[in-house]
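Structural characterization, general
Residues per chain are reported as follows:
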Amino acid sequence: MSDELNPAVPDSATAEGPETESEETVKQRKNGLYPGVSDELAENMKSGWADTELRDLTPIPQAAETARRRAALSARFPGERLVVPAGNLKTRSNDTEYPFRASVEYAYLTGDQTEDGVLVLEPTADGHTETIYLLPRSDRENGEFWLSGHGELWVGRRHSLAESETLYGIPAADVRELPDALREATGPVRVVRGHDAGIEAALTDKVTGERDEELRVFLSEMRLVKDAFEIGELQKAVDSTVRGFEDVVKVLDRAEATSERYIEGTFFLRARVEGNDIGYGSICAAGPHACTLHWVRNDGPVRSGELLLLDAGVETHTLYTADVTRTLPINGTYSEIQKRIYDAVYDAQEAGIAAVRPGAKYRDFHDAAQRVLAERLVAWGLVEGPVERVLELGLQRRWTLHGTGHMLGLDVHDCAAARTETYVDGTLEPGMVLTVEPGLYFQADDLTVPEEYRGIGVRIEDDILVTEDGNRNLSAGLPRRSDEVEAWMASLKG
């Protein structure tokens, strides 16, 4: 990584507010090799550049959908100013940052994904006017484009405000002017918190936690039912994820020679080539690590004869993520005890998926899957029946541990801020997308089960769309039944 000057000018508003033009100075890196910029060089860098404005852009594919979402938001909060930030870059260490991911609320309402953006809906007599506040292109007059660590020659070109208006269908303005405007604003204001400290500081005397939470909850509940664009993006995410699982199976021998990291890296390659990123930290859990629900260290051995629990999802360029799990025999064949446990989880998942349909209670698929698992645990003598007693007391949870699914979308655990009565106590509707993912986990140190069970963890997870007449398994491209898994693995290795 090149190491020269610190940013010449600020790129965004901070908690202390943006610097004015008169305050913009070239800031030298403490140990930079150049002592400064001569007047002659500064003047030379201002000129001789071609016009690169993009004038043939078309709106983003989801522009009509994002417009409808903003209209619904406007109708819910008439007469109130609504502020939805994208968020800022976060420091990883010293002067390096984590890759930026826009806040879900901002991306959902605009389709934009750039740091420091803010959507503002200003109240009018009959609704709201919309403005998307963004950083304009790097300034060539003050040298920002080549001196700033976030300038165009360092991190790449930003869209101009005019280009952004075309792409997103929203009037665009310079975000550096927004904090002052918000400080002077009057009337009721709501802001989505937790993403932009500078914007929140500008509104500190105008907002309340209760009112802001109402905004966050409403935006979360808006996403419970997906539109056609979202469903298409989720299918893309799943299709890429299927290919990522195939990639992993093909290199299991290399993972055995190295570690779980080889599996992690293999899937990540698919995610970065076909999508934006992984949707969450990949769980590449071999052997007893499969009993750790969110094993993301991925630094353990991969051994023939053991199982690999792979829980991973590709995130699309529009930020929708898949979430799929398969538990695979590393050598291609389940042992007798592995198959017994796997088939129990498969049967539980079948019961759960069958319970997903419009009009059903959200909890129904969880209850159906848990009943099957409780029945098997009783039949195996691992817990004393009857099954009704086991379920009433939750005794099966020693080995099932988690809920059987969650909503899926822009977040892997989507709609998490929704009210309980509209989510887990709600009713399924067409357009909802959720995971069905029962599991059984027998910890390596669990002395209540026979030794042959210990260290075996199995989870099977699919992404299910609620349709008008039932459901559709978006991840049906990956086999689930134990014999089909073995045949699929053999075909890929062959």
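Residues numbered from 1 in each chain as written. Predicted model: local features only at pLDDT ≥ 70, side-chain atom pairs only at ≥ 80, totals over all residues. Heavy atoms only, no water.

Attention shifts here to the sheet that holds strand β7 (residues 189-191). Read from one edge to the other, the open sheet built from five strands follows the order β6-β5-β4-β1-β7, with strand pairing classed as mixed. In the strand order of this sheet, the two ends are held by β6 (172-174) and β7, each with one partner. Neighbour-to-neighbour, the strand axes of this sheet turn through a mean angle of 25°, independent of strand direction. Pairing analysis gives seven bridges linking strand β4 (residues 118-124) to strand β5 (residues 127-134), with the strands arranged antiparallel. Bridged to P123 within β5 is H128. Of the strands in this sheet, β1 (81-85), β4 and β5 are in contact with helix α2 (residues 63-76), which crosses β4 at around 50°. Along the sheet, helix α9 (residues 209-222) contacts β1 and β7; its crossing angle with β7, the most-contacted strand, is approximately 60°. (Pairing = 2+ DSSP bridges. Helix = DSSP H or I, 4+ residues; strand = E, 2+ residues; numbered from the N terminus. Axes fitted to C-alpha atoms, helices over the stretch in contact; angles between N-to-C directions. Contact = heavy atoms within 4.5 Å.)

What follows covers unusual backbone geometry. Omega for the bond connecting G385 with P386 falls within 30 degrees of zero, at 5°, which places this linkage in the cis form. Tracing the backbone shows P386 in the loop between α14 (364-379) and α15 (387-393). In the Ramachandran plot, L319 falls in the positive-phi region, its phi being about 80° despite a non-glycine side chain. Of note, L319 is situated in the loop between β11 (314-315) and β12 (324-329).

Domains assigned within the protein are domain 1 (62-222) and domain 2 (228-493). Taking only C-alpha atoms, the centre of domain 1 and the centre of domain 2 are 36 Å apart. Listed as interface residues are 13 residues of domain 1 and, on the opposing side, 15 residues of domain 2. Of the roughly 1200 Å² buried between domain 1 and domain 2, counting both surfaces, carbon and sulfur atoms make up 52%. For the interface between domain 1 and domain 2, the tally reads two salt bridges. Linking R101 and E315 is a salt bridge whose minimum nitrogen-to-oxygen distance equals 2.8 Å. Run the count over domain 1 and domain 2 and you get 10 residue pairs in polar contact (both at pLDDT 80 or more). For the side of domain 1 that touches domain 2, the secondary structure elements donating two or more residues are α2, α3 (104-110) and α9. When residues of the side of domain 1 that touches domain 2 are assigned to their parent elements, the largest contribution, four residues, is made by α9. Across the side of domain 1 that touches domain 2, the residue classes tally to five nonpolar, three polar and five charged. (Domains from an automatic or database assignment. Buried area = accessible area lost by both parts, 1.4 Å probe. Salt bridge = Lys/Arg side-chain N within 4 Å of Asp/Glu carboxyl O. Polar contact = N/O pair within 3.5 Å; in protein donor to acceptor, adjacent residues only side chain to side chain. Nonpolar A, V, L, I, M, F, W, Y, C, P; charged D, E, K, R; others polar.)

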